[in-house]
Amino acid sequence: MATRITLTGIKPTGSPHLGNLVGAILPALRLADQPDMTSVFFIADYHALTTIHDAEEMQRLTHEVAAAWLAFGLDPDKVIFYRQSDVPEIFELTWVLSCFTPKGKMNRAHAYKAAMDQNVANGNDADAGIHMGLYCYPVLMSADILMFGSHYVPVGRDQEQHVEIARDIAERFNNAFGPTLTLPEARIDDNIAAIAGIDGRKMSKSYDNAIPLFADPKRIRKLVMKYKTDSSAPEDPKDPDTSVLFHIYREFADSDEVEAMRARYAHGIGWGEVKQMLADRLNTFLAEPRRTYTDLMQHPQRLDDLLAQGAARARALARPILDDVRRKVGMHV
Ligand code: ADP
Ligand code: TRP
């Protein structure tokens, strides 16, 4: 058994895009390749229930996200990979943890606070449209993390507060009952610059500016051609370091190709040509994963079986920790 546990959750709230690939999928898979590390990656479907209230959509997005991770190389024999909703131990722990969570801390949790501030700014009742799922979101996330004795939690900066909350709840529990829960650490990689979308803002499913990973090659080319660029002439020298297109190209090309592109920028290259080269590169990179993805999406049962096997392994890891918690608080074990 490896000594350290890295855990992260992926919310199935949208079809995976290029930003997710560069900012989350590829870095997490690189982490999973480290020796002496057990990786636990899961699909946080009950977290997605805070916003997705359509069963068919929940199923489809869960399959899309699972197929995407597998298509880019997640090895389910190496990584413990499951649906959160298949591991009931997490939800039992959620209740125990709520009894150690100061309500005031939840009042300050950013997602809830932002929704409330928005209500107030719009002149509505502060709680309008806010359900307890959003309010308790950080407690469920704490259970996700603490259930498996996670040491490291790779996340984006926006999730840092949630990992801090998990740590705080674990400390409170341990103060009351003695060392029980492992204190997790957020792993935030600030070197991962945000990938920009076709309108120049951060690529996000919420802005309608994303390049979906498994769109057909023609559509990917079409979207790349839409990237906003300045009005400089083809022969004008260009600065690669401030170019969104170069930034994306760099993620998918080898170092010789990157240097060659740098030189073309310095000598002057038309944006149209850069876009064509980028589209070529992306389509080459995505061809094989697209085949795997399409095949998996045609066999959802295979995906469900795989996730169920992952859940069985996750539950085996969770059981002794939950029993320890139950025993400590005075429940029958
Ligand atoms: P979206 O902004 O599309 O809703 P999510 O918040 O679901 O994306 O992102 C999941 C993870 O993917 C984030 O934690 C982040 O690490 C990564 N990610 C999302 N968008 C980008 C981006 N434009 N550039 C780099 N990484 C991103
Ligand atoms: N809240 C995370 C997000 O929005 C997803 C998530 C749920 C998660 N549980 C987790 C991330 C546990 C890390 C660890 O991206």
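Preceding this section is the structure that the text describes.
Residues numbered from 1 in each chain as written. Chains lettered and ligands numbered in written order. Predicted model: local features only at pLDDT ≥ 70, side-chain atom pairs only at ≥ 80, totals over all residues. Heavy atoms only, no water.

Caption draft 1: Looking closely at the site of ligand 1. As a structural note, the neighbourhood of ligand 1 is formed by His17, Gly19, Asn20, Gly23, Ala24, Ala194, Ile195, Lys202, Met203, Ser204 and Lys205. Gly19 places a polar main-chain atom, nitrogen or oxygen, 3.1 Å from a nitrogen atom of ligand 1. Computed on the free molecule, ligand 1 has an accessible area of 540 Å², of which 75% lies beneath the protein chains in the complex. Here the residues of the shell around ligand 1 are counted per class, giving 4 nonpolar, 5 polar and 2 charged. (Near = heavy atom within 4 Å. Polar contact = N/O pair within 3.5 Å; in protein donor to acceptor, adjacent residues only side chain to side chain. Areas by Shrake-Rupley, 256 points an atom, 1.4 Å probe, with all protein chains shown as cover. Nonpolar A, V, L, I, M, F, W, Y, C, P; charged D, E, K, R; others polar.)

Caption draft 2: Structural view of the packing of aromatic side chains. All told, the structure shown has 14 aromatic pairs when counted by the stated rule. Taking the centre distance of 5.1 Å and the plane angle of 65° together, the rings of Phe100 and Phe173 count as edge-to-face. Separated by 73 residues along the polypeptide, Phe100 in the loop between helix 4 (88-98) and helix 5 (103-107) and Phe173 in helix 8 (residues 160-177) bring together distant segments of the chain. Accessibility assignment for this pair places Phe100 and Phe173 in one class, buried. Looking at Arg187, its charged tip hangs above the ring of Tyr152, at a distance of 4.0 Å from the centre. The ring of Tyr207 carries Arg201 above its face, with NZ or CZ at 4.1 Å from the centroid. (Phe/Tyr/Trp six-rings, centres within 6.5 Å; stacked < 30°, edge-to-face > 60°. Helix = DSSP H or I, 4+ residues; strand = E, 2+ residues; numbered from the N terminus. Buried < 20%, exposed > 50% of the residue type's maximum accessible area, 1.4 Å probe, protein only. Lys NZ or Arg CZ within 6 Å of the ring centre and 35° of its normal.)

Caption draft 3: View of the pairing of strand 2 (residues 37-43). For strand 2, the buried fraction is high: 7 of the 7 residues fall into the buried class. Both faces of strand 2 are covered, namely the face carrying Met37, Ser39, Phe41 and Ile43 and the face carrying Thr38, Val40 and Phe42. As paired elements, strand 1 (residues 4-10) and strand 2 share 7 bridges and run parallel to each other. Residue pairing in the sheet places Thr6 in a bridge with Ser39 of strand 2. Read from strand 1 through helix 1 (residues 18-32) to strand 2, the crossover connection turns out right-handed. Where strand 2 meets strand 3 (residues 80-83), 4 bridges bridge the pair, whose relative direction is parallel. Each residue of the ladder has a partner; that of Phe41, found in strand 3, is Phe81. (Pairing = 2+ DSSP bridges. Right-handed = clockwise from strand over helix to strand, strands pointing away.)

Caption draft 4: Spotlight on helix 7 (residues 132-146). Taking 1.5 Å of rise per residue, 15 residues should cover 21 Å, and helix 7 covers 21 Å from first to last C-alpha, within 8% of that figure. Of all bends in helix 7, the biggest is about 40°, found at Pro138. Within helix 7, 12 of the 15 residues are buried, which leaves it mostly tucked inside the rest of the structure. Looking at helix 7, one finds that the buried residues are Leu134, Tyr135, Tyr137, Pro138, Val139, Leu140, Met141, Ser142, Ala143, Asp144, Ile145 and Leu146. (Expected span 1.5 Å × (residues − 1). Bend = angle between axes of the 7 residues up to and from the residue.)

Function cannot be inferred from these measures alone, as they are strictly geometric.
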